[in-house]
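Fold and contact review
Chain by chain, the residues:
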Amino acid sequence: MTMNDIRQPRSFPVSHDRMPFRSRAVFSDGVARLAERHVYRLPETISDIRNRRRRIDDESLSLIDDLTNRPLDPMFSDATLVHDERGPLRVWLSRCLVFFICLAVGLAGSVIVRELHTDPRSKIREKLIAQVESETKSYNTTSDQIGKLLSQIDSLSDEVGGDSDNQTADRDNLLNGFTKVQGQGISISLANPIAATDSAGTTDSDTDDIRVITDIDLQQFVSKLWGAGAEAISINGYRVGVQTSVRTAGSTILVGLNSIQSPYTITAIGDADTLKNAMGSAAESSFYDTLDKAGIHPKVSKETMITMSSTVGTPDLTYAKRSE
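Predicted model, so just to flag it, every value in this text is computed and none were measured.

Residues F221, L225 and I266 are the most contacted members of the largest nonpolar core, which totals 27 residues. Elements represented by at least two residues in this core include exactly β1 (181-190), α8 (215-227), β2 (232-235), β5 (252-255), β7 (264-269) and α10 (285-293). Ranked by the residues each element gives to this core, the list is headed by α8, at four residues. Excluding anything up to four places from it in sequence, I266 contacts I186, S187, I188, L190, L218, F221, L225, I233, S234 and I235.

A sheet is described by the order of its strands in space; here three strands give the open sequence β4-β5-β6, paired in antiparallel fashion. Here the strands that pair on one side only, and so sit at the sheet edges, are β4 (246-249) and β6 (258-260). Shown here is a sheet whose adjacent strand axes are inclined to one another by a mean of 40°, direction ignored. Pairing of β5 with β6, which is carried by three bridges, proceeds in the antiparallel orientation. Residue pairing across strands places V255 opposite N258, the latter belonging to β6.

Quick look at the packing of aromatic side chains now. Across all of its chains, the model carries four aromatic pairs by this definition. Ring geometry for F99 against F100: centres 5.6 Å apart, planes inclined by 65°, an arrangement best described as edge-to-face. In terms of burial, F99 and F100 fall into one category: exposed. Measuring from ring centre to ring centre gives 6.5 Å for F221 and Y288, while their planes differ by 90°; the resulting arrangement is edge-to-face. Here Y288 lies in helix α10 and F221 lies in helix α8, a separation of 67 residues in the sequence. Clustering of aromatic rings is evident, with ring pairs tying together F221, F287 and Y288. Over the face of the ring belonging to W92 we find R95, whose NZ or CZ atom lies 5.0 Å from the ring centre. The lysine or arginine in question, K224, covers the ring of F287, its NZ or CZ lying 5.6 Å from the ring centre.

Quick notes on the rules
- Residues numbered from 1 in each chain as written.
- Predicted model: local features only at pLDDT ≥ 70, side-chain atom pairs only at ≥ 80, totals over all residues.
- Heavy atoms only, no water.
- Core = buried A, V, L, I, M, F, W, Y, C linked by side-chain atoms within 4.5 Å.
- Buried < 20%, exposed > 50% of the residue type's maximum accessible area, 1.4 Å probe, protein only.
- Helix = DSSP H or I, 4+ residues; strand = E, 2+ residues; numbered from the N terminus.
- Contact = heavy atoms within 4.5 Å.
- Pairing = 2+ DSSP bridges.
- Axes fitted to C-alpha atoms, helices over the stretch in contact; angles between N-to-C directions.
- Phe/Tyr/Trp six-rings, centres within 6.5 Å; stacked < 30°, edge-to-face > 60°.
- Lys NZ or Arg CZ within 6 Å of the ring centre and 35° of its normal.

Take it as geometry only, folks, not as evidence of what the structure does.
Dropping the structure here:
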């Protein structure tokens, strides 16, 4: 046995028609330039059939020979012939493109997270507050104009009409709240408990455990003042007339169409001593005890001079007529 026999493994002879041949892979660049080929199977002759039967016995030996002497697949070696070499410009362009895509995705994600964390109700609340303030300003402007027109009507009526008719009309206007009035009286100040008010000064009416001042409380004060002989009443500067309602709209108390907030100041024109005694804690002990337990402490004080504006508009009389 020679050195070549020791170094090289033994190989079985292979016929020429079974020799391995080198072919390009399907995914290589060179296959795109090749023309389409079709291998047609020739009719087998008797000698071919005999040779094929004769080669059936050495198929396993041929497989062992291929694994030993030719372990590398020809298609794999062909795939390594073409190398994708990228220049530095192409590499940096790819990196910049990936960087900008990541930056855009990050910015979009931060914007989405920020929008999700913001409370949409606060924006709606601010918008509604701005609308209420604008409507209140226009309402106040209209109220002033109506008051001026009413004063002009009164002055013209004084010039044209008689004294008796003017006195009756003035009395009716004073009682109904259609003209400005002034005189002595009392003022009642009350506010919501400190626990029901946040740092911004707004009332937290959603808390069930804390009692706040409601429209019913203000209605009770107004009713008691009328019963004590008050001739004119206003709440936070808004005159209470014959058709002025004190009610709640949502979480806001309205006097007519004007929204008011804590603290509340109720002023009444009349005999100061009589009104103060009637609205004192001694005369209304049960009512004041209920308010004291909730942390609401009304304060009644006498006023030497109180000025009240007129109410807005006059009621439309459709069914009520003067009786002869």
